[in-house]
Amino acid sequence: MTTERTLAALVDTFAPGGDGLPSASALGIHTRILEEVRALGRPALERELGLLLGAFDSPAANLALAGRPVRFSALDQAGREAYLRRDRKSTRLNSSHRT
């Protein structure tokens, strides 16, 4: 499932493991997040999370938003970190949040 794969890559970006420690996805953090969202009983929230994660992993969406046709889940650790730093600074992504 794309949602699960993308969320696994996202949580591993923040907690990749190493030095004998497991990654976040190896601990099942991504599946736990999805289970907790489902347990809220709010289908619209589930759909929105699916859309957000789908956009992260869509080459077409990333071409439009970040200028690069790439799947987030296909990037290595350094690539995912750079993607998140670049997207955080992107005027395209942050233009609606300016005050």
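This is a predicted model, so every value here is computed, not measured. (Residues numbered from 1 in each chain as written. Predicted model: local features only at pLDDT ≥ 70, side-chain atom pairs only at ≥ 80, totals over all residues. Heavy atoms only, no water.)

1. Section: the confidence of the model for the protein chain
As a note on interpretation, predicted positions should not be read in detail where pLDDT is low. To keep things clear, this is the line we draw: The pLDDT value expresses, per residue, how confident the predictor is, ranging between 0 and 100. In this description a helix means any DSSP run of H or I spanning at least four residues, a strand means any run of E spanning at least two, and both kinds are numbered starting from the N terminus.
Chain-level statistics for the protein chain give a pLDDT mean of 88 and a share of 86% at 70 or above. No element of the protein chain has a lower mean pLDDT than helix H6 (residues 91–94), at 48, and none a higher one than helix H2 (residues 29–39), at 97.

2. Examining the environment of Ala-8
Quick note on the threshold: Contact definition: two residues touch when any of their heavy atoms are within 4.5 Å.
Note on placement: Ala-8 falls in helix H1 (residues 2–14). For Ala-8 and Ser-73, which are 65 residues apart along the polypeptide, the C-alpha to C-alpha distance reads 8.1 Å. Ignoring any residue separated from it by four or fewer positions in sequence, one finds Ala-8 in contact with Ser-25 and His-30.

3. Some details on the side chain of Arg-80
Basically, it comes down to this: Exposure categories follow from relative accessible area, calculated using a 1.4 Å probe and restricted to protein chains: below 20% of the type maximum is buried, above 50% is exposed, and the middle band is partly exposed. The positive count covers Lys and Arg only, the negative count covers Asp and Glu only, and His and the chain ends enter neither. Any carboxyl oxygen of Asp or Glu that lies within 4 Å of a side-chain nitrogen of Lys or Arg is treated as forming a salt bridge with it. In protein, a polar contact means a hydrogen-donor-capable atom and an acceptor-capable atom, both N or O and within 3.5 Å, with residues adjacent in sequence counting only if both atoms are side-chain atoms; elsewhere, any N or O pair within 3.5 Å suffices.
You can see Arg-80 is positioned in helix H5 (residues 77–89). Buried charge without a partner: Arg-80 forms no salt bridge, and the closest opposite charge is Asp-12, 5.4 Å away. From its side chain, Arg-80 meets the backbone oxygen of Leu-75 in a polar contact 3.0 Å long. In this structure Arg-80 touches Ala-9, Asp-12, Thr-13, Phe-72 and Leu-75, once residues within four positions along its chain are discounted.

4. Concerning the packing of H1 against H2
Our working rule: The angle between two axes is taken between their N-to-C directions and runs from 0 to 180 degrees, where each axis is a line fitted to C-alpha atoms and a helix contributes only its stretch in contact. Roughly parallel means an angle under 35 degrees; roughly antiparallel, over 145; roughly perpendicular, 65 to 115; everything else is oblique. Rotating anticlockwise by less than a right angle from the far helix to the near helix defines a left-handed crossing, while the corresponding clockwise rotation defines a right-handed one. Charged means Asp, Glu, Lys or Arg here, nonpolar means Ala, Val, Leu, Ile, Met, Phe, Trp, Tyr, Cys or Pro, and polar covers whatever is left, Gly included.
Orientation of H1 relative to H2, taken along the N-to-C sense of each, is 120°, at an axis distance of 8 Å. Looking at the two axes, H1 sits oblique to H2. The two elements H1 and H2 cross, and the hand of that crossing is right-handed. Counted together, Thr-3, Glu-4, Leu-7, Ala-8 and Val-11 of H1 and Ile-29, His-30, Thr-31, Ile-33 and Leu-34 of H2 form the full contact between these two elements. Of the residues belonging to the contact of H1 with H2, the class tally is six nonpolar, three polar and one charged.

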